[in-house]
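Below, each chain spelled out in residue letters.
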Amino acid sequence: MGIERRGAAIEIAHLTKVYGNGSAVLVALDDINLRVAPGEFLCIVGPSGCGKSTLLRILAGLDQQTSGRIDVAAAGWAVQNAMVFQDSGLFPWMRVASNVGFGLFTRGVPAAEQAARVEAALKLVGLIKFRDHFPHQLSGGMRQRGAIARAFVTDPAMLLMDEPFAALDAQNRAILQAELVRIWEETGKTVVYITHSIEEALLLGDRTVVMTAQPGRIKEIIDVPFPHPRNLMALSASAEFGRLKLDIWRLLENEVNRARAELER
Amino acid sequence: MSEPSEKWRERLLYLISPIGLLLLWQILVGLGFGDRRFIPTPSDIAARFWQLTLSGELAVNTLATLWRVVAGFVIGVVPAIAVGLFMAMFRPVRIFFDPLIAALFPIPKVALMPLFLLAFGFGDASKIALVATGVFFPVIVNTYAGAANIEKIYWDVSRNYGASLWVMFTRVVFFGALPMIFAGLRIAVAVAFIVLVAAEFVSTKVGIGYMIWNSWELLQVDTMFVGIVMIGLLGLVTSALLTELERKVIPWKTEER
C-alpha cells in the first residue's frame with residue numbers, strides 16, 4: 001500500500017523539565033536532544049522515573065517544559081497529535097462510537113463525516129459490533145482498541161503512545177502490537193511509543209531511545225535494523241533480535257544499578 | 001441474576017418490618033395500652049386518610065406542598081450543579097465559594113424562614129425560597145466532590161483531543177460528576193421536605209405541614225398522623241422516581257451493581 005504523505009517531523013533541543021524549587025528540586029528531564037523523522041516509529045525505553053512519560057506529555061501539550069524547544073512540523077495535517085494512554089481513558093458515560101468520535105466532535109467535524117470516519121475507525125480495530133456498548137461492557141483489550149481508534153480517527157500527524165498495551169495480557173498485547181504496526185505501515189504517521197519493555201521497543205520501532213533515570217537523560221539511541229513489514233513472531237525468534245535485546249538490557253542494568261547506588265549513598 | 005423465588009422472598013422481607021410494626025401498634029392500642037384519643041390505631045388513621053382523600057382536603061394540601069418542593073428544588077439544584085462544576089474546573093471559583101459554603105451550610109435553613117417571610121411575604125415564594133436554599137448546599141457540595149474526583153486521565157483526554165471548555169463542561173465534567181450529583185439530590189429531597197414542613201407549620205394556611213400543625217392544635221390526632229404518613233409517602237415516591245431516573249441517565253454506573 002502506497003503512503004501518500006508522511007507524519008510530523010519532531011525536533012527537540014535542550015529540553016529540560018524541573019519539578020519543585022529550592023531544595024526539593026527534581027530534574028525529570030535534563031537536556032533532551034532528539035530528532036524524529038516524518039513517518040518514523042520511535043520507541044523510548046527506560047526505567048520508571050526516567051521522565052519518558054513527562055517527555056510524551058510535553059509533546060502532547062499536556063505539560064510545559066521548563067526550558068528548551070520543541071518544533072513539530074506537521075504542515076497539511078489538521079490534527080497535530082493524538083495520545084493513547086496506558087489506561088484506555090474511554091469516557092464511561094459515552095458509548096463506544098461517541099468515545100471514538102470524541103476528537104472529531106470537539107473539532108466540529110460535520111455529523112455525517114464524523115459518522116463515516118468513526119465507522120471506518122471501528123472497522124479498523126474490529127469494534128464495529130460494539131459501537132453502541134458502554135466501555136464497562138468491553139474487555140480491557142477491546143477498550144484499548146477503542147482508545148487506538150479514537151486516536152486514529154482524528155488522523156493526527158503524530159501518534160503519542162504511553163505504554164498503551166502494558167496493562168493487557170500477553171496474547172492481546174501481541175495481537176494489538178501487530179495491528180498497530182500494520183496500521184502505522186498503512187498510514188505513514190509518526191509514532192512516539194513509550195514502553196518499559198525492551199522487547200516491545202525492538203519489535204515495533206525504527207529506533208529505540210534508551211533513557212536513564214534521575215535525572216532523565218538520553219543514554220543512547222539504537223537503530224533497529226529490521227525491515228518492514230514485520231512479522232513480529234518470527235522477528236522475536238531471530239538471533240539479531242536477541243543480541244540487540246541483550247545490549248539494551250546491559251545499558252539499562254548499569255543505569256538501574258547506578259541509580260540504586262546513588263540512592264544508598 | 002437471582003431466582004424469581006428469591007426475589008419474592010426479598011420483597012417479603014422488605015415488607016415484614018413495617019407491616020409487623022403496624023400490626024403491633026394496632027394490637028397494643030386495641031388492647032387498651034395508651035389513650036386512643038391521643039394515639040389512634042393504624043386503622044383509625046387509614047379511615048381518616050380515606051375520608052380526607054374523598055373530601056379533597058388531602059389533595060389540596062398535598063399539591064400545595066408538592067408544588068413548593070418541586071419549584072424550590074429546581075431553583076436550588078440548577079445553580080448548585082452549575083457552580084459545583086465550575087468550582088472543580090476553575091480554582092479561583094472554588095476559592096471564592098469555599099468560605100461561603102463552609103459558613104452557610106451548617107446554618108439550619110429553618111432559621112432563615114423569618115428572613116424569607118420578610119423578603120417574600122406569606123405566599124408560596126417564601127417557602128420556595130427556603131426549599132431552594134435548603135437543597136442548594138448538599139447538591140453543590142456533592143457536585144463539587146464528584147467533579148473534583150474525576151480521574152485525571154479524563155481531563156488529559158479532553159485536553160489532548162481538543163475539547164473546548166464548553167465541551168469539557170457539558171460532556172466530561174457534568175457526566176463524571178453525575179453519580180455524586182445524584183447522591184446529593186437524594187439528600188436534597190429529604191432536606192426539602194424537612195425544611196418545608198417545618199415552615200408550613202407557622203406561615204401558611206395550606207400544605208401538609210399546615211395540616212399537621214392545625215390538627216395538633218385542634219387535637220385531631222388522626223388527621224395529624226395522616227399528614228405524617230403523607231410526607232412519608234411523598235418521600236418514598238420521589239426516592240423511587242430518583243432511582244428510576246438514575247438508572248436512565250447513569251447506565252454505566254447502575255448496570256455494574
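Residues numbered from 1 in each chain as written. Chains lettered and ligands numbered in written order. Predicted model: local features only at pLDDT ≥ 70, side-chain atom pairs only at ≥ 80, totals over all residues.

A. Main features of the overall build of chain B. The number of helices and strands found in chain B is eleven helices and zero strands. For chain B, the α and β elements follow one another from N to C terminus as α-α-α-α-α-α-α-α-α-α-α. Dimensions of chain B, computed from C-alpha atoms along their principal axes, come out at roughly 75 × 60 × 30 Å. Expressed as a percentage of the 257 residues in chain B, the buried residues total 35%. Of all intrachain contacts in chain B linking residues separated by at least 6 positions in sequence, the fraction that spans at least 24 positions is 75%. (Helix = DSSP H or I, 4+ residues; strand = E, 2+ residues; numbered from the N terminus. Buried ≥ 20, exposed ≤ 12 C-beta atoms within 10 Å, placed from the backbone. Contact = placed C-beta atoms within 7 Å.)

B. Structural context of the sheet that holds strand 4 (residues 67-73) of chain A. Residue and element names in this part refer to chain A. Strand order in the open sheet made by the three strands is 2-1-4, with antiparallel pairing throughout. Each of the sheet's edge strands pairs with one partner strand only, and the pair in question is strand 2 (26-36) and strand 4. Mean inter-strand twist for the sheet, computed between neighbouring axes without regard to direction, equals 15°. Where strand 1 (residues 9-19) and strand 4 come together, six bridges link them in antiparallel fashion. (Pairing = 2+ DSSP bridges. Axes fitted to C-alpha atoms, helices over the stretch in contact; angles between N-to-C directions.)

C. Geometry of the domain arrangement of chain B. Assigned domains within chain B: domain 1 (1-34) and domain 2 (40-254). The gap between the C-alpha centroids of domain 1 of chain B and domain 2 of chain B is 30 Å. (Domains from an automatic or database assignment.)

D. Local environment of the interface of chain B and chain A. Between chain B and chain A, the residue contacts involve 16 residues of the former and 16 residues of the latter. Looking at the side of chain B that touches chain A, the elements that each hand over two or more residues are helix 7 (152-160), helix 8 (165-202) and helix 11 (251-254) of chain B. The leading source of residues in the side of chain B that touches chain A is helix 7 of chain B, at six residues. A breakdown of the residues in the side of chain B that touches chain A according to their chemical character gives ten nonpolar, three polar and three charged. (Nonpolar A, V, L, I, M, F, W, Y, C, P; charged D, E, K, R; others polar.)

E. Main features of unusual backbone geometry. Of note, the phi angle at His-14 of chain A is positive, near 50°, even though the residue is not glycine. Relative to the assigned elements, His-14 of chain A resides in strand 1. On the basis of neighbour count, His-14 of chain A is assigned to the exposed category, with 12 C-beta atoms found within 10 Å. One non-glycine residue with positive phi stands out, namely Leu-219 of chain B, at about 60°. By secondary structure assignment, the location of Leu-219 of chain B is in the loop between helix 9 (208-217) and helix 10 (221-249).

F. Here's a closer look at the sheet that holds strand 5 (residues 79-84) of chain A. Residue and element names in this part refer to chain A. An order of 5-6-7-3-8-9 is seen for the six strands of this open sheet, with the pairing classed as mixed. Where the open sheet ends on each side, the last strands, each with one partner, are strand 5 and strand 9 (217-223). Each strand axis lies, on average, 20° off the axis of its neighbour in the sheet, ignoring direction. Note that strand 3 (residues 41-45) and strand 8 (residues 207-212) share four bridges and pair parallel. By the bridge assignment, Leu-42 is partnered in strand 8 with Arg-207. In this fold helix 5 (residues 140-153) packs onto strand 5 and strand 6 (156-162), with an angle of close to 175° to the strand it touches most, strand 5.

G. Expanded view of the nonpolar core. Among the nonpolar cores identified, the biggest contains 128 residues, and Val-192 of chain A together with Val-131, Val-135, Val-139 and Ala-192 of chain B are the most heavily contacted of them. When residues of this core are assigned to their parent elements, the largest contribution, 18 residues, is made by helix 8 of chain B. Sequence-distant contacts of Val-131 of chain B, defined by excluding residues within four places in its chain, comprise Arg-68, Val-69, Gly-72, Phe-73, Gly-76, Ala-192, Val-195 and Leu-196 of chain B. (Core = buried A, V, L, I, M, F, W, Y, C linked by C-beta atoms within 7 Å.)

H. Inspection of the packing of helix 5 (residues 113-120) of chain B against helix 6 (residues 124-148) of chain B at higher detail. Residue and element names in this part refer to chain B. Where helix 5 contacts helix 6, the axes come no closer than 8 Å and their chain directions differ by 135°. The pairing of helix 5 with helix 6 is recorded here as oblique in orientation. By crossing handedness, the relation of helix 5 to helix 6 is classed as right-handed. Between helix 5 and helix 6, the residues in contact are Met-113, Phe-116, Leu-117 and Phe-120 and Ala-125, Ser-126, Ala-129 and Leu-130, respectively. For the contact of helix 5 with helix 6, a count of residues per class yields seven nonpolar, one polar and no charged. (Parallel < 35°, antiparallel > 145°, perpendicular 65-115°, else oblique. Left-handed = near helix turned anticlockwise from the far one by under 90°.)

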